[in-house]
Amino acid sequence: MSSKSLPILPGATLGILGGGQLGRMFTIAARTMGYKVMVLDPDAASPAGRMADVHVRADYTDHAALKQLGAACAAVTTEFENVPAASLIELANHCRVSPGADAVAIVQDRSHEKSWLADNGFATAPFALVSSEADLDAALAATGIPALLKVSRFGYDGKGQARINTLDEARAAFREFGGQPCVLEGFVKLEREVSVVLARSDTGECALFPVAENRHENGILDVSIVPARVTDSLMQQAREMARAVADKLGYVGVMAVEFFVAGGQLMVNEIAPRPHNSGHFTLDACVTDQFEQQVRALAGLPLGDTRLLSPVAMVNILGDRWHDGGPHWDALLVHPAIKLHLYGKEAARPGRKMGHFNVLDADPEAALQLAEQMRHAL
Ligand code: AMP
């Protein structure tokens, strides 16, 4: 990654691999700041493509498309972890790329990610790597039951995961996943889940957003509450661990670290090499939001102020709500301190993230209460 012409200033073109909602919010932030944006995504109806100056409709491994991006953009980033590391390397021959291929290659594969965390002394749930059916017996002995079998690659939002209570169930799940490499994880009795979104610059400067407390439903983030309802000491530990993860990865850009809280201790669950759903509260509740921060880190600008301006509860809006004529937006929009964000997706499918809303209130419990009320009213 070359840093010779930093910072990259407004007027320049920034590129992004992936055109989903995260890419869309990056595109909006970048265009607000006066950058041009080029999106690479094969989908003609890509939410980010519609907001971009240029939408290149091609596969992420398409050499001509990568060349086009590399020639037009001063810098390129990604909105999803499954971007082929080889494409990042190819792009890096033409322009600045962040995050780097090395960091993405570690975190896009659950087996590599878990091993890297353990090797670097970060606490995780008990786990064992599974590459064949013969590994399952010993793996279950290592993790105990119940356990979760998770595919190493391309799992997200609870997909590619199965709850395991017996060796037979483990075998059946492994076969159902096509025998691909997996991680078996001990099922942790969660007290809470929290996450930290941060940005790290080329110089190692780190800016951390406030710790979010996250509630999941069916493996998908449902609600984030900020500030998280944990002790100051746990909050501090989460921030320090997140920063240490970024430092050890030599990471440049915005990333998220998700944690389990069990027995009063933190365990790292996952690292995301991009802005994160649990950081959407920053859009309305912080001086700088995570997407502006992504632009700043990519452009080599000083990182923005991450201060929390108001307690907030963020609620995801999934495609499940598009029955009986769609969500009741009128019930939501009547509230002056609720901020609605919709991603412009055409087809609403169960489990598909269609948008979110942030509820701001000086009293965090009141924010959560209204958020829950609205979640039902929609
Ligand atoms: P993941 O996609 O691995 O982040 O899992 C999605 C969600 O499933 C997590 O945020 C947790 O709520 C739950 N989960 C995943 N792994 C475990 C585990 N080992 N023990 C308990 N709950 C888990």
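Residues numbered from 1 in each chain as written. Predicted model: local features only at pLDDT ≥ 70, side-chain atom pairs only at ≥ 80, totals over all residues. Heavy atoms only, no water.

**Describing the packing of helix α2 (residues 63-72) against helix α3 (residues 85-92)**
Logical step 1: Contact geometry of α2 with α3 gives a least axis separation of 9 Å together with a crossing angle of 45°. Taken together, the axes of α2 and α3 lie oblique to each other. Crossing hand, α2 versus α3: right-handed. Contacts between α2 and α3 involve His-63, Leu-66, Leu-69 and Gly-70 from the former and Ser-87, Glu-90 and Leu-91 from the latter.
Logical step 2: The residue inventory of the contact of α2 with α3, partitioned by class, reads three nonpolar, three polar and one charged. (Axes fitted to C-alpha atoms, helices over the stretch in contact; angles between N-to-C directions. Helix = DSSP H or I, 4+ residues; strand = E, 2+ residues; numbered from the N terminus. Parallel < 35°, antiparallel > 145°, perpendicular 65-115°, else oblique. Left-handed = near helix turned anticlockwise from the far one by under 90°. Contact = heavy atoms within 4.5 Å. Nonpolar A, V, L, I, M, F, W, Y, C, P; charged D, E, K, R; others polar.)

**Examining the domain arrangement of the chain**
Logical step 1: As far as domains go, the chain holds domain 1 (3-97), domain 2 (126-186) and domain 3 (190-377).
Logical step 2: Centre-to-centre separation of domain 1 and domain 3, based on C-alpha positions: 23 Å.
Logical step 3: Contacts between the two partners involve 28 residues from domain 1, matched on the other side by 24 residues from domain 3.
Logical step 4: Summed over both sides, the interface of domain 1 with domain 3 buries roughly 2,100 Å², with 63% coming from carbon and sulfur.
Logical step 5: Contact with domain 3 buries surface across domain 1, with Gln-21, Leu-22 and Met-25 losing the most and accounting together for 26% of the total.
Logical step 6: Along the contact surface separating domain 1 from domain 3 lie three salt bridges.
Logical step 7: Residue Glu-346 pairs with Arg-50 through a salt bridge whose shortest N-O separation is 2.4 Å.
Logical step 8: Scanning the region where domain 1 abuts domain 3 turns up ten residue pairs in polar contact (both at pLDDT 80 or more).
Logical step 9: Put simply, the parts of the chain that give the side of domain 1 that touches domain 3 at least two residues each are β1 (13-17), α1 (21-32) and β4 (75-78).
Logical step 10: Per-element tally for the side of domain 1 that touches domain 3: the top contributor is α1, with seven residues.
Logical step 11: The residue makeup of the side of domain 1 that touches domain 3, split by class, is 18 nonpolar, five polar and five charged. (Domains from an automatic or database assignment. Buried area = accessible area lost by both parts, 1.4 Å probe. Salt bridge = Lys/Arg side-chain N within 4 Å of Asp/Glu carboxyl O. Polar contact = N/O pair within 3.5 Å; in protein donor to acceptor, adjacent residues only side chain to side chain.)

**What about the site of the ligand?**
Logical step 1: Taken together, 16 residues lie around the ligand, and Lys-150, Glu-185, Val-188, Glu-193 and Asn-269 are the ones closest in.
Logical step 2: Between the ligand and Glu-270, the relevant distance is 3.1 Å, taken from an oxygen atom to a side-chain nitrogen or oxygen of the residue.
Logical step 3: Here the ligand loses 91% of its free accessible area of 470 Å² to cover by the protein chains.
Logical step 4: For the shell around the ligand, the secondary-structure elements that each account for two or more residues are β7 (147-151), β9 (182-186) and β15 (265-272).
Logical step 5: Looking at the shell around the ligand residue by residue, the classes come out as five nonpolar, six polar and five charged.
Logical step 6: Counting the residues that make up the shell around the ligand, at least three belong to each of domain 2 (126-186) and domain 3 (190-377). (Near = heavy atom within 4 Å. Areas by Shrake-Rupley, 256 points an atom, 1.4 Å probe, with all protein chains shown as cover.)

**A closer look at the sheet that holds strand β2 (residues 36-40)**
Logical step 1: With parallel pairing, the five strands of this open sheet are ordered in space as β3-β2-β1-β4-β5. At either margin of the open sheet sits one strand with a lone partner, and together these are β3 (54-56) and β5 (96-97).
Logical step 2: Note that β4 and β5 share two bridges and pair parallel. By the bridge assignment for β5, Val-76 is matched with Val-97.
Logical step 3: The sheet strands contacting α1 are β1, β2 and β4, and the helix crosses β1 at an angle near 175°. (Pairing = 2+ DSSP bridges.)

**Some thoughts on helix α12 (residues 364-377)**
Logical step 1: Between the first and last C-alpha of α12 there are 20 Å, a value that for 14 residues agrees with the 20 Å anticipated at 1.5 Å per step.
Logical step 2: On its buried side, α12 packs onto β12 (212-217), β13 (220-226), β16 (312-318), α11 (329-333), β17 (338-342) and β18 (353-360). (Expected span 1.5 Å × (residues − 1).)

**Section: α1**
Residues lying three or four places apart along an α-helix face the same way, a consequence of the helix completing one turn every 3.6 residues.
Logical step 1: In this model, α1 (twelve residues) spans 16 Å end to end at C-alpha, consistent with the 16 Å of a helix rising 1.5 Å per residue.
Logical step 2: A large share of α1 lies buried, amounting to nine of its twelve residues.
Logical step 3: Listed in full, the buried residues belonging to α1 are Gln-21, Leu-22, Gly-23, Arg-24, Met-25, Phe-26, Thr-27, Ala-29 and Ala-30.
Logical step 4: Positive backbone phi, at 95°, marks Gly-34, one or two positions downstream of α1. (Buried < 20%, exposed > 50% of the residue type's maximum accessible area, 1.4 Å probe, protein only.)

**Quick word on the nonpolar core**
Logical step 1: Counting residues in each nonpolar core, the largest one holds 29 residues, and the members touching the most others are Val-194, Val-245, Met-255, Phe-259, Leu-266, Val-268 and Ile-271.
Logical step 2: Broken down by secondary-structure element, the contributors of at least two residues to this core are α4 (101-107), α5 (110-119), β10 (192-200), β11 (206-208), α8 (232-249), β14 (253-262) and β15.
Logical step 3: Considering every element that reaches this core, the biggest residue donor is α8, with eight residues.
Logical step 4: Core analysis: the next-biggest nonpolar cluster, separate from the first, contains 21 residues, Ala-12, Val-37, Ala-48 and Ala-299 among them. (Core = buried A, V, L, I, M, F, W, Y, C linked by side-chain atoms within 4.5 Å.)

**So, the state of the cysteines**
Logical step 1: Considering all chains together, one arrives at zero disulfides under this definition.
Logical step 2: A disulfide-free cysteine, Cys-95 has its sulfur positioned 6.2 Å from the sulfur of Cys-73, the nearest such atom.
Logical step 3: As a non-bridged cysteine, Cys-206 has Cys-286 as the owner of its nearest cysteine sulfur, 15 Å distant. (Disulfide = S-S within 2.5 Å.)

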